[in-house]
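# Per-entry structural report
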Amino acid sequence: MTVTADVAVVGGGVIGTAIAWRAAAAGFDAMLVDPQRDDGASLVAAGMLAPVSESLFGEEALLRLNLLAVRRFPTFAADLEERTGQHIGLRQEGTLAVAYDPGDHAALLRLTEFRRSVGLDAAELDSRAVRKLEPFLTPEVRGGALFAGDWSVDNRRYLAALRQAAQAAGVRTVPGLVSRITSTGAELADGGAISCGTVVVAAGWGSAGIAGLPGRLADVVRPVKGQLLRLRLPAAMPPVLSHTVRAMVRGTDVYLVPRADGELVVGATQEERGPDRTVTAGAVHDLLRDALSVLPVLSELVLAETCAGLRPGTLDNGPLVGPAGAGLLLATGHYRNGILLSAVTADAAVAWLTGQPPAAEWAPFTPDRFPAPVLHNEPGPA
């Protein structure tokens, strides 16, 4: 069976669902092709909106895009909540970065100085000031920094609200997997087909496995495994954190993200293991060890869930968003920043769909920055 639409969005995570919603709101007959699995990166995420504490040396272009994204997010979130009546758990207290030992402290000071040098709000704190903000932190913490420009959102509530908004806007959902992009739309793995004016590929790391895409996508996008934990407060126990805490513990990073309902997310590993979603005892041990080193009270919380997801990483850690041929848009490769970039990715996709220029911050992240390699069939030496 062939179904038709103006726009077919491939991928049912926050990126694809946000694009489908905003495309429908712009007047397009939008369809969302969703594999409807419970292991996508959008569900296995901490929900950090962290342009400051995620900024690294050499990623200035990505930082500019992430700053655009965090400025856009509050109005996008407010619109989403108004249309659905759902609260998505947006928190704006900032990220508190802390250092456990002298080596960690030296590394954090270097990063804090870099972030200040590029104009970011990064307030250096001594140990006493850190523990005044978060009294349950261990006295062994050497110092820290407050990044007020970082926020967070409950990723699962956010995705549920996006799905509700998309449905209310008239987006049709087709369950299944896209196997191939064609000149007239897409083919489904179950034998069905979609006929549409534009296909938007927003399938995360799985985008690379779709046949018919131009260029080097299969070489550029890869799965990066991340394991994390969800902890729950016992009955009658008050919250143990009010800020997202990003800790350096003996050279290793761990983050702790509180939710309004008392849940605490602890994450996350970064593992180059291909499409492997198993939860390992070693990862659970390491995450708990490092988290308990800085927040010992975590031993009293309930271990409610362990999970693993696959981030869509790229060769330069930046997303792939933009036209990739007639009737084809890519919106993938968001790596660590899928939740953060979802709103501005939807804005950019709708801009391209309507023939408008997207925000200038997207210019470094179009798919054509990874051209296909040139093959030379020259004879070898005699």
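Before any of the text, the structure's been laid out above.
Below: a short report on this structure. (Residues numbered from 1 in each chain as written. Predicted model: local features only at pLDDT ≥ 70, side-chain atom pairs only at ≥ 80, totals over all residues. Heavy atoms only, no water.)

## Observations regarding the sheet that holds strand 16 (residues 302-313)
Applied cut-off: Two strands are said to pair when DSSP picks up at least two bridges between them. For helices the rule is a DSSP run of H or I covering at least 4 residues; for strands it is a run of E covering at least 2, with both sets numbered from the N terminus onward. Simply put, an axis is a line fit to the C-alpha atoms, just over the touching stretch for a helix, and the angle between two N-to-C directions goes from 0 to 180 degrees.
Ordered by their spatial adjacency, eight strands build an open sheet running 5-6-4-13-14-15-12-16, and the pairing between neighbours is mixed. Edge positions in the sheet fall to strand 5 (123-126) and strand 16, since each of these pairs with one other strand and no more. Strand-to-strand twist in this sheet, taken as the mean axis angle between neighbours without regard to direction, amounts to 20°. In terms of strand pairing, strand 12 (residues 222-232) meets strand 15 (residues 264-267) through three bridges, oriented antiparallel. Paired with Arg230 across the strands is Val265, a residue of strand 15.

## Re the packing of helix 2 (residues 60-84) against helix 5 (residues 155-168)
Here is the rule we go by: Any angle that falls under 35 degrees is termed roughly parallel, while one over 145 is termed roughly antiparallel, one within 65 to 115 roughly perpendicular, and all others oblique. In this scheme, a crossing is called left-handed if the near helix is turned counterclockwise away from the far one by less than a right angle; it is called right-handed if the turn is clockwise. Note on definitions: a residue-residue contact is assigned when non-hydrogen atoms from the two residues lie within 4.5 Å. Think of it as three bins: nonpolar holds Ala, Val, Leu, Ile, Met, Phe, Trp, Tyr, Cys and Pro, charged holds Asp, Glu, Lys and Arg, and polar takes everything else, Gly as well.
Packing of helix 2 against helix 5 brings their axes to within 9 Å, and their N-to-C directions diverge by 60°. Judged by the inter-axis angle, helix 2 sits oblique to helix 5. In this structure, helix 2 crosses over helix 5, and the sense of that crossing is left-handed. Contact residues: Phe73, Phe76, Leu80 and Thr84 in helix 2; Tyr158, Ala161, Leu162, Gln164 and Ala165 in helix 5. Considered class by class, the residues forming the contact of helix 2 with helix 5 number seven nonpolar, two polar and no charged.

## Some thoughts on the environment of Asp154
Inclusion rule: Burial classes: relative accessible area under 20% of the type maximum marks a residue as buried, over 50% as exposed, and values in between as partly exposed (1.4 Å probe, protein chains only).
Summarising the element assignment, Asp154 is placed in the loop between strand 7 (151-152) and helix 5. Note on Asp154: relative accessible area 8%, which makes it buried. With 125 residues separating them along the chain, Asp154 and Asp29 place their C-alpha atoms 29 Å apart.

## Notes on the pairing of strand 18 (residues 328-332)
Within strand 18, five of the five residues are buried, leaving the element largely enclosed by the surrounding structure. The two faces of strand 18 match: Leu328, Leu330 and Thr332 on one face and Leu329 and Ala331 on the other face are all buried. Bridge count between strand 11 (residues 193-201) and strand 18: three bridges; the pairing is parallel. Each bridged residue has a counterpart across the sheet, and for Val201 the counterpart in strand 18 is Leu330. Relative to strand 18, strand 17 (residues 320-323) is paired through four bridges, and the arrangement is antiparallel. Looking at the pairing, Pro323 lines up with Leu329 of strand 18.

## As for helix 2
Rules: Each helix should span, by expectation, one fewer than its residue count multiplied by 1.5 Å. In this scheme, the bend at a residue equals the angle between the axes fitted to the seven residues that finish there and the seven that begin there.
The end-to-end C-alpha distance of helix 2, which contains 25 residues, comes to 35 Å, matching closely the 36 Å that a straight helix rising 1.5 Å per residue would cover. Within helix 2, the axis deviates most sharply at Phe73, by approximately 35°, and proline Pro74 lies no more than four positions further along. Listing the buried residues of helix 2 in full gives Leu62, Leu63, Leu65, Asn66, Leu68, Ala69, Val70, Phe73, Phe76, Ala77, Leu80 and Thr84. For helix 2, the elements touching its buried residues are helix 1 (14-25), strand 3 (48-49), strand 7, helix 5 and helix 8 (338-353). Backbone geometry just after helix 2 places Gly85 at a positive phi near 75°.

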